[in-house]
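Coordinate analysis (summary)
Given next are the chains, with one letter for each unit.
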Amino acid sequence: SAVISQKPSRDICQRGTSLTIQCQVDSQVTMMFWYRQQPGQSLTLIATANQGSEATYESGFVIDKFPISRPNLTFSTLTVSNMSPEDSSIYLCSVENRYGNGYNEQFFGPGTRLTVL
Amino acid sequence: EDQVTQSPEALRLQEGESSSLNCSYTVSGLRGLFWYRQDPGKGPEFLFTLYSAGEEKEKERLKATLTKKESFLHITAPKPEDSATYLCAVQASSGTYKYIFGTGTRLKVLA
């Protein structure tokens, strides 16, 4: 299994500011993802972080609002830009290991709890 | 549209009272079905992956089964430490291999 850390673990931010969340993995992984989990709701995929190229965003999420970087196979950042109270949520980084036999596993970081005032 | 529905939303059990959680899904070709446990304030913890109908996986008091339309997570003789939210997700075999999550079942086991 992969060990994933996220920074910060939580933050309280003012409306209109931006926050960058870091995700570090203890091993090289092919697939890295960013999710949002709003209170009492399921996980929603924001984007797939692609190493060396632009992230692939899901419907409803755009690069200007959620810019993502992935400079190497163990690290990624998600920025939440021009924040509003509706962005208050838990943001989760995840990685997927895909094995040659078709077996795959997805592991999650501890999450970043963001509150926007 | 690919979709995952979990039931019940919440479940309270006495310690030792076995039960099952349900995950119904519709997906355009199933690559895998995943079960996770999530404790408050933490990220989901991977439990099982199931790939084909009839497959079963076990881990301690948990047993996951899969049919063509749904999966069950059976909890045998649960303990208070099994209290958590249990999430189900499916991954489609086409397109971007995106994971689609259900809203979870909040399990509370009373001593």
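Residues numbered from 1 in each chain as written. Chains lettered and ligands numbered in written order. Predicted model: local features only at pLDDT ≥ 70, side-chain atom pairs only at ≥ 80, totals over all residues. Heavy atoms only, no water.

Some remarks on the interface of chain B and chain A
- Of the residues lining the interface, 21 residues belong to chain B; the matching set on chain A comes to 19 residues.
- Sorting the residues of chain B by area buried against chain A places Phe46, Tyr99 and Phe101 of chain B first, and these three jointly supply 30% of that buried surface.
- At the junction of chain B and chain A, the tally comes to one salt bridge.
- Note that Glu58 of chain A is salt-bridged to Lys98 of chain B, the shortest N-O span being 3.0 Å.
- Applying the counting criterion to the chain B and chain A interface returns 12 residue pairs in polar contact (both at pLDDT 80 or more).
- Contributions of two or more residues to the side of chain B that touches chain A are made by β4 (30-38), β5 (45-50), β9 (84-92) and β10 (99-101) of chain B.
- The greatest single-element share of the side of chain B that touches chain A, amounting to four residues, is contributed by β4 of chain B.
- The residue inventory of the side of chain B that touches chain A, partitioned by class, reads nine nonpolar, eight polar and four charged. (Contact = heavy atoms within 4.5 Å. Buried area = accessible area lost by both parts, 1.4 Å probe. Salt bridge = Lys/Arg side-chain N within 4 Å of Asp/Glu carboxyl O. Polar contact = N/O pair within 3.5 Å; in protein donor to acceptor, adjacent residues only side chain to side chain. Helix = DSSP H or I, 4+ residues; strand = E, 2+ residues; numbered from the N terminus. Nonpolar A, V, L, I, M, F, W, Y, C, P; charged D, E, K, R; others polar.)

Focus on the sheet that holds strand β8 (residues 75-80) of chain A
Residue and element names in this part refer to chain A.
- Read from one edge to the other, the open sheet built from four strands follows the order β1-β3-β8-β7, with strand pairing classed as antiparallel. Pairing within the sheet leaves two strands with one partner each, and these edge strands are β1 (4-7) and β7 (68-72). Shown here is a sheet whose adjacent strand axes are inclined to one another by a mean of 15 degrees, direction ignored.
- Here strand β3 (residues 19-25) runs beside β8; their pairing, made up of six bridges, is antiparallel. Its bridge partner lying in β8, Ile21 is registered against Leu78. (Pairing = 2+ DSSP bridges. Axes fitted to C-alpha atoms, helices over the stretch in contact; angles between N-to-C directions.)

Structural notes on the sheet that holds strand β6 (residues 56-59) of chain B
Residues and elements named next belong to chain B.
- In spatial order, the strands read β1-β3-β8-β7-β6; together these five strands make up an open sheet with antiparallel pairing. Every interior strand has two partners, whereas the edge strands, β1 (3-7) and β6, have only one. Neighbour-to-neighbour, the strand axes of the sheet open up by a mean angle of 15 degrees, direction not taken into account.
- Examined bridge by bridge, β1 and strand β3 (residues 19-26) share five bridges and lie antiparallel to one another. Residue Thr5 lies in a different strand from β3, and its bridge partner there is Ser24.

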